[in-house]
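# Tertiary structure, described
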Amino acid sequence: MAASCASTLPSLSFVSSSSSSPRRFRRSGVVAMASVGQKVYAPGVSVSEGNGGLQKIDLKSPHGSEAEIYLFGACVTSFKVPNGKDLLFVRPDAVFNGQKPISGGIPHCFPQFGPGPMQQHGFARNVNWSITDSEVTEGDPAVTLELKDGSYSRSMWDFSFHALYKVSLHSTSLSTTLEIINTDDKPFSFNSALHTYFCASITGVSVKGLKGCKTLNKDPDPKNPLEGKEDREEVTFPGFVDCIYLGAPSELILDNGLGDKIAIANSNWPDAVLWNPHLQMEACYKDFVCVENAKIEMVQLEPKQSWVAEQKIELV
């Protein structure tokens with residue numbers, strides 16, 4: 001399963017709701033319209049039981065594209081373009097038991113990227129989110145999920161917050177918008193990333209757009225990254241790669257080695273991470289590459305402040 005791709009975008013055209021936007025299907029407003037035990041969602045949006053009995057959302061566009069999102073972790077696990085190719089990869093060792101994060105697709109790293117004072121990559125990928133809204137624009141479906149603090153999150157990060165995550169499906173692209181709102185009476189800080197796994201043939205993979213970026217290379221010592229500067233026009237993956245790129249551009253181009261080029265565009269994700277575990281994950285390392293949008297420097301939010309970041313992956 002692999003990634004999605006985007007054409008070159010001077011400015012990103014993410015779907016958003018406005019006064020002229022499509023009819024909205026909010027859960028609170030549609031329960032009365034549904035039969036007992038059911039909810040009504042926008043056309044092209046449905047909820048069903050997925051792997052391990054976990055609930056998942058299916059998005060279907062009239063253009064032939066499809067996406068799948070698990071409520072556990074708000075993890076997008078599939079994005080199929082109209083030709084049937086899945087651009088996202090889920091690892092064969094992924095578990096769907098509601099206990100461990102789903103390994104693959106687009107997992108969340110929040111409120112911590114990487115190792116730190118709490119569990120690896122924080123807790124947002126390890127809890128159930130809920131559906132707060134669904135809508136359709138010119139036939140293209142979108143769904144918004146939300147996460148609020150609870151006893152589990154507060155055991156690691158003692159703050160009140162509200163996270164909103166909108167996933168919008170288009171014919172050849174998938175857009176996501178993440179908003180973090182401080183609902184506490186004191187400031188808090190966090191960092192974040194979208195740990196996107198793309199389907200790939202690793203020997204043919206290259207990523208363009210990172211030349212000139214400052215690098216924090218975690219090979220060979222993850223605890224003491226080596227600072228450097230990327231001087232290659234195309235980054236390839238001849239072996240183990242785990243590298244942070246600070247000040248990355250608003251668009252990268254991924255050649256997945258399978259005949260696809262994927263544009264990975266962003267707004268307010270200022271950094272990027274490339275990862276392939278090579279022989280550390282011998283069963284599947286040849287079949288995927290992670291190209292991640294990230295915010296490495298800590299974001300500080302005062303009470304009532306919010307932070308928003310957008311991503312668009314599109315086949316070009």
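Rules of the game
- Residues numbered from 1 in each chain as written.
- Predicted model: local features only at pLDDT ≥ 70, side-chain atom pairs only at ≥ 80, totals over all residues.
- Heavy atoms only, no water.
- Helix = DSSP H or I, 4+ residues; strand = E, 2+ residues; numbered from the N terminus.
- Buried < 20%, exposed > 50% of the residue type's maximum accessible area, 1.4 Å probe, protein only.
- Contact = heavy atoms within 4.5 Å.
- Areas by Shrake-Rupley, 256 points an atom, 1.4 Å probe, with all protein chains shown as cover.
- Disulfide = S-S within 2.5 Å.
- Core = buried A, V, L, I, M, F, W, Y, C linked by side-chain atoms within 4.5 Å.
- pLDDT = per-residue confidence, 0-100.
- Pairing = 2+ DSSP bridges.
- Axes fitted to C-alpha atoms, helices over the stretch in contact; angles between N-to-C directions.
- UniProt positions renumbered as here; feature names shortened; annotations may be inferred.

## A word on the overall build of the chain
- For the chain, the count of helices and strands is two helices and 22 strands.
- Per-residue burial for the chain yields a buried fraction of 55% across its 316 residues.
- When contacts within the chain are restricted to residue pairs at least 6 apart in sequence, long-range pairs at least 24 apart make up 66% of them.
- Total accessible area computed for the chain in this model is approximately 13600 Å², and 49% of it derives from carbon and sulfur atoms.

## Observations concerning the state of the cysteines
- All told, the structure shown has zero disulfides when counted by the stated rule.
- Its sulfur unpaired, C284 is 9.7 Å from the next cysteine sulfur, which belongs to C290.
- Given a relative accessible area of 4%, C284 falls into the buried group.

## Remarks on the side chain of T196
- Within the secondary structure, T196 sits in the loop between β11 (188–194) and β12 (197–199).
- In this structure T196 comes out as buried when scored by relative accessible area, which is 0%.
- Excluding residues that lie within four positions of it along the chain, T196 makes contacts with L88, G105, I106, V289, C290, V291, E292 and Q311.

## Here's the deal with the nonpolar core
- Core analysis: the largest hydrophobic core is formed by 68 residues, its most contacted members being W129 and L210.
- In terms of residue count, strand β9 (residues 161–169) provides more of this core than any other element does, five residues in total.
- Setting aside its immediate chain neighbours within four residues, L210 contacts E230, V235, Y245, A248, P249, L252, A272 and L274.

## Focus on the confidence of the model for the chain
- Averaged over all residues, the pLDDT of the chain equals 89, while 88% of them reach at least 70.
- Scored below 50 in pLDDT, residues 1–37 makes 104 contacts in the model with residues more than four places away or belonging to other chains.

## Points about the sheet that holds strand β2 (residues 45–49)
- The four strands are arranged β2-β3-β4-β5 in an open sheet whose pairing can be described as antiparallel. What marks the edges here is a single partner per strand, and that holds for β2 and β5 (75–80). The mean angle between the axes of side-by-side strands here comes to 20 degrees, regardless of whether they run parallel or antiparallel.
- Here strand β3 (residues 55–60) runs beside strand β4 (residues 66–70); their pairing, made up of five bridges, is antiparallel.

## Some words on the UniProt feature "active site" (unreviewed entry) in the chain
- If you check UniProt for "active site" (unreviewed entry), the listed places come out as H195 and E292 in our numbering. The named residues occupy 98 residues along the chain; their greatest pairwise C-alpha distance, 5.1 Å, places them in one compact cluster.
- Within the fold, H195 resides in the loop between β11 and β12.
- Here H195 falls in the buried class, since its relative accessible area comes to 9%.
- Discounting residues that sit within four places of it in the chain, H195 has contacts with G105, I106, P107, C109, H121, W275, C290 and E292.
- Along the chain, E292 falls in strand β21 (residues 288–301).
- Residues within four places of E292 in sequence aside, it is in contact with F113, L194, H195, T196, D271, A272, V273 and W275.

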